[in-house]
Amino acid sequence: INMKKQAVLSLSGGMDSSTVLLYLLGKGYQVTALSFDYGQKHNVELERASELIEYLDKAGYPVKYQRITLQGLVGLLDSNLVKGGDDVPEGHYEEDNMKDTVVPNRNKIFSSIIQAVALSIAQVRGCDVDIAMGIHAGDHAIYPDCRQEFRDADYEAFKEGNWDADKVKYVTPYLYGDKFGILEDGLFWCEKLGLDFDEVYKRTHTSYKPIKHYDRPETNAYEWYSDYKSASSVERIEAFIKLGRPDPTKYADETGPINYKVAETYVKQLLENYEK
């Protein structure tokens, strides 16, 4: 029997949860990673999650991975992030319009499924299981379901509703950190695990407004690029600027693919104006 520590991770395909995956592997966990397709406009993140799992597997770090489809919710959720919703706003997360990117009860929905899987593993294996999430302090103001208060209340409800629920605990290593701290830790774990930092992070997607660009229109072949003006992208690029490394993700705007320096310059200017 594999006696490795067990963890169940909510893996969005973004850089936060992908870094938590590195953290768990570095800490010696056997990981079950779950991604959710709930009709998000940026569902290219699910492709990136699969690519990262494949890359890690080839590097000698196998992860049990499952994509869970919640497509029946698409027409029922009111959020700019879901297909059919209004355009995703641009700007910085500090601005009030970013509340339009909230998906009603999203983390509660995900959490319930992850708890069920974690408890099932605990019961089958007769061991404790940790639930891991990439929530961080930068999310707290906009997303109430990323706060510790919600996490605690949700965990209490889980314990009330299930036998042996105390076998399941939470691991949220970045709850009080920010995007830069997460990326810095990602660099540390890449070095520790012998992984290529750029290869890992180009297999993550953060943009809420991905841009579909037809690289070869004659064959209808296209690729998804990140935008650099929506808040999620701004926050990511800001972290890479602080780290002093270029972001290996490909960026584009309405003109087509762009050099990363264009995105970096835009974000630096935005942050300067914002600080004024």
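The structure we're discussing is the one just above.
Below or above, wherever it landed, is the structure these notes cover. As the structure is a computational prediction, the values presented were derived from the model and not from experiment.

## What to know about the overall build of the protein
Part 1 of the argument: When helices and strands are counted, the protein shows 8 helices and 9 strands.
Part 2 of the argument: Looking at the protein as a whole, 51% of its 276 residues qualify as buried.
Part 3 of the argument: Looking at the protein alone, contacts between residues at least 24 apart form 71% of all its contacts between residues at least 6 apart.
Part 4 of the argument: Total accessible area on the protein is roughly 13100 Å²; 49% of this is exposed by carbon and sulfur atoms.

## Some details on the packing of aromatic side chains
Part 1 of the argument: On inspection of all chains with the given rule, the structure shows 13 aromatic pairs.
Part 2 of the argument: Look at Tyr 23 and Tyr 174: their rings are 6.3 Å apart centre to centre, the planes differ by 70°, and that puts the pair in the edge-to-face class. Taken together, the positions of Tyr 23 in helix H1 (residues 15-26) and Tyr 174 in the loop between strand E5 (168-171) and helix H5 (179-193) put the pair 151 residues apart, joining distant regions of the chain. Pair check on accessibility: Tyr 23 and Tyr 174 agree, each one buried.
Part 3 of the argument: Seen from their ring centres, Tyr 38 and Phe 110 are 5.6 Å apart, and the 55° between their planes marks the pair as tilted. Separated by 72 residues along the polypeptide, Tyr 38 in the loop between strand E2 (29-37) and helix H2 (44-58) and Phe 110 in helix H3 (residues 106-125) bring together distant segments of the chain.
Part 4 of the argument: For Phe 110, a relative accessible area of 9% translates into the label buried.
Part 5 of the argument: Among the aromatic residues, ring-to-ring pairing joins Tyr 23, Tyr 174, Phe 188 and Trp 189 into one connected group.
Part 6 of the argument: Its guanidinium or amino end placed over the ring of Tyr 29, Lys 5 lies 4.5 Å from that ring's centre, counting from NZ or CZ.

## A few points about helix H4 (residues 148-161)
Part 1 of the argument: For H4, with 14 residues, the first-to-last C-alpha span of 20 Å sits near the 20 Å given by 1.5 Å per residue.
Part 2 of the argument: Among all positions of H4, only Phe 150, Arg 151, Asp 154, Tyr 155 and Phe 158 are buried. Buried residues along H4 cover an arc of 130° about the axis, so they all sit on one side. Of the residues in H4, the exposed ones pointing more than 90 degrees away from the buried face are Glu 149 and Glu 160.
Part 3 of the argument: Lining the buried residues of H4 we find H3 and E5.

## Quick notes on the nonpolar core
One broad rule of soluble globular proteins: the nonpolar side chains tend to lie buried together.
Part 1 of the argument: Core analysis: the largest hydrophobic core is formed by 44 residues, its most contacted members being Leu 21, Leu 22, Leu 24 and Tyr 201.
Part 2 of the argument: Elements with a contribution of two residues or more to this core: strand E1 (5-10), H1, E2, H2, H5, helix H6 (197-201), helix H7 (231-243) and helix H8 (260-275).
Part 3 of the argument: Once residues lying within four places of it in the same chain are set aside, the contact partners of Leu 21 are Leu 9, Leu 11, Val 31, Leu 52, Ile 53, Leu 56 and Val 63.
Part 4 of the argument: Grouped together as the second largest cluster of nonpolar side chains are 26 residues, Tyr 38, Leu 77, Ile 131 and Ile 135 included.

## Points about the pairing of E1
When a strand is regular, its side chains alternate between the sheet's two faces.
Part 1 of the argument: The buried fraction of E1 amounts to 5 of the 6 residues, a majority that puts the element mostly inside the structure.
Part 2 of the argument: The pairing of E1 with E2 spans 6 bridges and is classified as parallel. Of the residues in E2, the one forming a bridge with Ser 10 is Leu 34.
Part 3 of the argument: Between the parallel pair E1 and E2, the chain is carried across by H1, and the sense of this crossover is right-handed.
Part 4 of the argument: In terms of strand pairing, E1 meets strand E4 (residues 129-132) through 4 bridges, oriented parallel.

What counts and what doesn't
- Residue indices follow the written sequence of each chain, beginning from 1 at its first position.
- Predicted model: local features are reported for residues with pLDDT of at least 70 only, side-chain atom pairs are reported and counted for 80 or more only, and whole-chain, interface and lining totals are derived from all residues.
- To obtain the side-chain values, all non-hydrogen atoms of the structure were included, while hydrogens and water were left out.
- Starting at the N terminus, helices and strands are each numbered in turn, a helix being any DSSP run of H or I of at least four residues and a strand any DSSP run of E of at least two.
- Here the term buried applies to any residue with accessible area under 20% of the maximum for its type, exposed to any over 50%, and partly exposed to those in between, with areas from a 1.4 Å probe on protein chains only.
- When checking whether two residues touch, look at their non-hydrogen atoms; a contact exists if any pair is within 4.5 Å.
- Here, Shrake-Rupley sampling with a 1.4 Å probe gives the accessible areas, and only protein chains in the shown set may cover a residue.
- Here a pair means two rings of Phe, Tyr or Trp (six-membered ring of Trp) with centres within 6.5 Å. Their orientation is stacked below 30 degrees between planes, edge-to-face above 60, and tilted elsewhere.
- Lysine NZ or arginine CZ positioned within 6 Å of the ring centre and within 35 degrees of the ring normal marks a charge as sitting over the ring.
- Multiplying 1.5 Å by the helix residue count minus one yields the expected span of that helix.
- Think of the arc as the fan of directions from the helix axis to the C-beta atoms.
- Residues enter a nonpolar core if they are buried and are Ala, Val, Leu, Ile, Met, Phe, Trp, Tyr or Cys, with the set joined through side-chain atoms within 4.5 Å.
- Only strands joined by at least two bridges in the DSSP assignment are considered to pair.
- When the strands point away from the viewer and the path from the first strand over the helix to the second turns clockwise, the crossover is right-handed.

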